[in-house]
Amino acid sequence: MPAEVPSVSVEELRASTEGGASRYKFGEMGTSGHEMQPFWVKMGLPLEVCTLLSLNADRLGGVWGDPPTLSARCDALRVLLPLRPLRQIIAGYPSILAYRPDTVREKLQILSDALPRTDVLLLVSNSPAVLSKAPEKLRERIECILGLFPRRDLPQLVAEHPKLLRVPAAELEARGAALAAAFSTRTLFAMKRARLARLLSYGSDKLARLQYMDRCYPGMRDRHISDFYLLRMPIVTFERMFDRKQPPRRASLRAVLNKVNPRMLRPLRAALPARVNAFQWGRQAVGETCELTRVQRQREAPAREAMEAAHLARLTALQQPTTPGRKRSVRAKKMWARF
């Protein structure tokens, strides 16, 4: 069991910070972007981030053209998020400076209350984009994730994969219902957090494919094809391969197999990848093998003809000019004609 991390105390969240509303409203132009460029460069931000923030002063105005307010908010962020340098936090999510310190403090308090055994400061320092959602939506999405499955480590799941908080609550519920229909309760309880988070990162429409495969193709998910292969598959490819209304065309494969020597299929059977549709893979593989065999035989044709002529000359020199010898020579010609 991981060590329990104490939540953020109220005293830490109520640390004295300065800075509030900007002197300029949204759309009102203050300091120009050209004059704001040295302000951002002095903070040690990357050049592309400095350029973006300077353009905000000309396009959006408001706080982006108010250096005193920005300085006060930077000082407040240093107090609220002390685990990482401020330049790294701003480079990861520049829009964090658009929030007042009270708003950031409120969102930190929501995360601390909803995830009591999680280091919230470390979570936000590593993924500051979590603060991009409104406090009500942030609380709603955390409660939704914690109620998806009967597991005790869902707070750790949110802390390790904060990108899930960008998904709306209704979509999260739909994804959880799709996984509950595709997996048993025991499987969901024992599943690793990394795998569960990866499954939750796919849309509910794609997760519905898993239940569809269990209903229409029982056993294929466990034996021949992986879940993530199905989820990554484009919708057109999935419908062409597994749509019950349009069964796969097998006549073309049979026509190809009828022209192939059975010995040629042995390396194909050995090279068959695991958990793939053997029919779809075999159609392409057999066609490629037939083409390679045809090209190889064309290249070897002169050598084979020379070998055949030498063999016939040797037989002619060793045999007597009698009728049995001529029959044997004719038999040899027929034998070489097969190749």
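Going by an unreviewed UniProt entry, the protein chain carries the name Protein-serine/threonine kinase and comes from Prymnesium parvum.

What follows deals with the overall build of the protein chain. Each helix and strand in the protein chain was counted, giving 20 helices and 0 strands. A total of 339 residues make up the protein chain; the buried ones form 39% of that total. The contacts in the protein chain between residues at least 6 apart in sequence include a share of 73% that link residues at least 24 apart. Accessible area of the protein chain: about 20800 Å², with a carbon and sulfur share of 54%.

A few words on the packing of aromatic side chains. Enumeration according to the criterion identifies 3 aromatic pairs in this entry. Judged by centre distance (5.0 Å) and plane angle (80 degrees), the ring pair of Phe-39 and Trp-40 falls under edge-to-face. Comparing Phe-39 with Trp-40 shows no difference in burial state: the two are buried. A centroid spacing of 6.3 Å and a plane angle of 40 degrees characterise the contact between Tyr-202 and Phe-228, whose relative ring orientation is tilted. A residue pair is termed long-range when its members are at least 10 positions apart, and Tyr-202 in the loop between α12 (193-200) and α13 (204-216) and Phe-228 in helix α15 (residues 227-232) qualify at 26 residues. An identical accessibility class is assigned to Tyr-202 and Phe-228; each is buried.

What follows is about the pattern of salt bridges. Inspection of every chain in the model, using the stated rule, returns 9 salt bridges. For Arg-195, the salt bridge identified is with Asp-227, shortest N-O distance 3.2 Å. Of this pair, Arg-195 sits in helix α12 while Asp-227 sits in helix α15, placing them 32 residues apart in sequence. Residue class for Asp-227 comes out buried when judged on its relative accessible area of 8%.

What follows is about helix α8 (residues 135-146). Its 12 residues place the ends of α8 17 Å apart at the C-alpha level, agreeing with the 16 Å of an ideal helix rising 1.5 Å per residue. Buried within α8 we find Pro-135, Leu-138, Arg-141, Ile-142, Cys-144 and Ile-145. Looking at the packing, one finds that the buried side of α8 touches α6 (101-114), α9 (154-160) and α10 (169-182).

Definitions and limits used
- Residues numbered from 1 in each chain as written.
- Predicted model: local features only at pLDDT ≥ 70, side-chain atom pairs only at ≥ 80, totals over all residues.
- Heavy atoms only, no water.
- Helix = DSSP H or I, 4+ residues; strand = E, 2+ residues; numbered from the N terminus.
- Buried < 20%, exposed > 50% of the residue type's maximum accessible area, 1.4 Å probe, protein only.
- Contact = heavy atoms within 4.5 Å.
- Areas by Shrake-Rupley, 256 points an atom, 1.4 Å probe, with all protein chains shown as cover.
- Phe/Tyr/Trp six-rings, centres within 6.5 Å; stacked < 30°, edge-to-face > 60°.
- Salt bridge = Lys/Arg side-chain N within 4 Å of Asp/Glu carboxyl O.
- Expected span 1.5 Å × (residues − 1).

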